[in-house]
Amino acid sequence: MKIGILTFHLAHNYGAVLQCYALQEVLKSMGNDVYVIDYQQPYMVNHFRPRRKFGLRSFIHTLLSHEDLSQYFYEARIPYIKALHFKKFRKKYLRLTDKCYGTDDIPKMDLYIVGSDQPWNPNLTGGPDMVYWGQFIRPKSSRLITYAMSGSVEAFEKVGWENIVQYSNNFNTISFREQELSDKIEKVTGRKCATVLDPTLLADDTLWNPMINHKWRKHKYVLLYHVGGPKDVITGMTKRAKNLAEENGMELIDASKYLYSPPDFVSLIKYAQYVVTASFHAMTFAIIFQIPFCVIQTGQASDVRFLKAKEQGANICKINSFPKDVNIKCFDRTKLSKILNESILYLKDNDKKN
């Protein structure tokens, strides 16, 4: 079967590209002909276009104030380093279609899968995007589904529940990553909604081993990774992670500025002694590689992503209850067995129906 994935593959975000790769590979392992549809979503293309961080005026100010020019140039290069890392990853690991730009030029497929990630979140697409909502020209015989759609009820409210009912009718089946979203959309639309695992958790560590950089094996470190949030929470998280590393005779590696490639991000988690994060996908990779971790809740709507893991015993806490011991039990992956089987079955069932 020819399958096209529509997701946030253009984002300069580790979780976004790695979940895309995982879904691609899992579907390939089922015997499918799988593509990532290279949809040039306008808001995302503009948002992740590298820009000069500083202009001539700031350079002259730095020069005249005798500030550190090496730090100035280092900061200025970060957006370009980040963009290059993700461009290389897409070229090497994703099977992309030709570029497409809207509802009338999406390539023909037998099955379209929208997701994982948050393509229904209007905050991340400059308003509701009709391609991600399935309002594009496609073969009449094709099927359209979502897989592990994520987000928050607050974000979906901005689309409008009446619109969601209308748009969702275009999909053959719908699934979400968060139980809260499944329950809400099921109530609003009257349709059965599945709750499934994020694609990164659909396979074990053997999926990721080919991209591992083993140089990190020689280091002893605590890995810190966050993707933004309230300044006081991020500052507190960074301070406590640094103290935790020092108290245990380790270095602290902060991957939050995206100066590492996606494969290095995976490698850093695999060889970490402990992971401190506010990121869902940093948590999933700690689970995959059986690394002790602590997820810090930021007090934002996105904290809902961790509810299920917390219910199953994952170390999810607030900054004022930050743990002081790196020697804790790893998350028990067998707790995911039931939803893992249901998730694979969801994909296989939609595979068979074409």
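In this report, we go over the structure that sits alongside the text. (Residues numbered from 1 in each chain as written. Predicted model: local features only at pLDDT ≥ 70, side-chain atom pairs only at ≥ 80, totals over all residues. Heavy atoms only, no water.)

1. So, the packing of helix H9 (residues 262–270) against helix H10 (residues 280–288)
- Across the interface, H9 lies against H10 with an axial gap of 9 Å and an inter-helix angle of 55°. It follows that H9 is oblique to H10 by the angle criterion. Judged by the sense of rotation from one axis to the other, the crossing of H9 with H10 is right-handed. From H9, Phe265, Val266 and Ile269 reach across to H10, where they touch Ala282, Phe285 and Ala286. (Axes fitted to C-alpha atoms, helices over the stretch in contact; angles between N-to-C directions. Helix = DSSP H or I, 4+ residues; strand = E, 2+ residues; numbered from the N terminus. Parallel < 35°, antiparallel > 145°, perpendicular 65-115°, else oblique. Left-handed = near helix turned anticlockwise from the far one by under 90°. Contact = heavy atoms within 4.5 Å.)

2. Topic: the pattern of salt bridges
- If you walk through the whole model with that rule in mind, you get 5 salt bridges.
- In this structure, glutamate 25 engages lysine 28 in a salt bridge whose closest nitrogen and oxygen atoms are separated by 3.3 Å. Separated by 3 residues within a single helix, glutamate 25 and lysine 28 lie in helix H1 (residues 14–29), roughly one turn from each other.
- You can call lysine 28 partly exposed: its relative accessible area is 42%. (Salt bridge = Lys/Arg side-chain N within 4 Å of Asp/Glu carboxyl O. Buried < 20%, exposed > 50% of the residue type's maximum accessible area, 1.4 Å probe, protein only.)

3. Here we look at H9
- Burial runs high along H9: 8 of the 9 residues are buried.
- Taken together, the buried positions of H9 are Pro262, Pro263, Asp264, Phe265, Val266, Ser267, Leu268 and Ile269.

4. Considerations on the packing of H1 against H9
- Contact geometry of H1 with H9 gives a least axis separation of 10 Å together with a crossing angle of 95°. As judged from the angle between their axes, H1 and H9 are roughly perpendicular. Touching Tyr14, Val17 and Leu18 of H1 are Pro262, Phe265 and Val266, all from H9.
- Each residue belonging to the contact of H1 with H9 can be placed in one class, and the counts come to 6 nonpolar, no polar and no charged. (Nonpolar A, V, L, I, M, F, W, Y, C, P; charged D, E, K, R; others polar.)

5. What to know about the sheet that holds strand E7 (residues 221–225)
- Spatially, E8-E7-E9-E10-E11 is the arrangement adopted by the 5 strands of the open sheet, whose pairing is parallel. Two strands close off the open sheet at either side, each with one partner strand: strand E8 (251–254) and strand E11 (316–317).
- Note: E7 against E8, 4 bridges, orientation parallel. For leucine 224, the partnering residue across the bridge sits in E8 and is aspartate 254.
- In this fold H9 packs onto E7, E8 and strand E9 (274–277), with an angle of close to 135° to the strand it touches most, E7. (Pairing = 2+ DSSP bridges.)

Read these as geometric descriptors, not functional statements.
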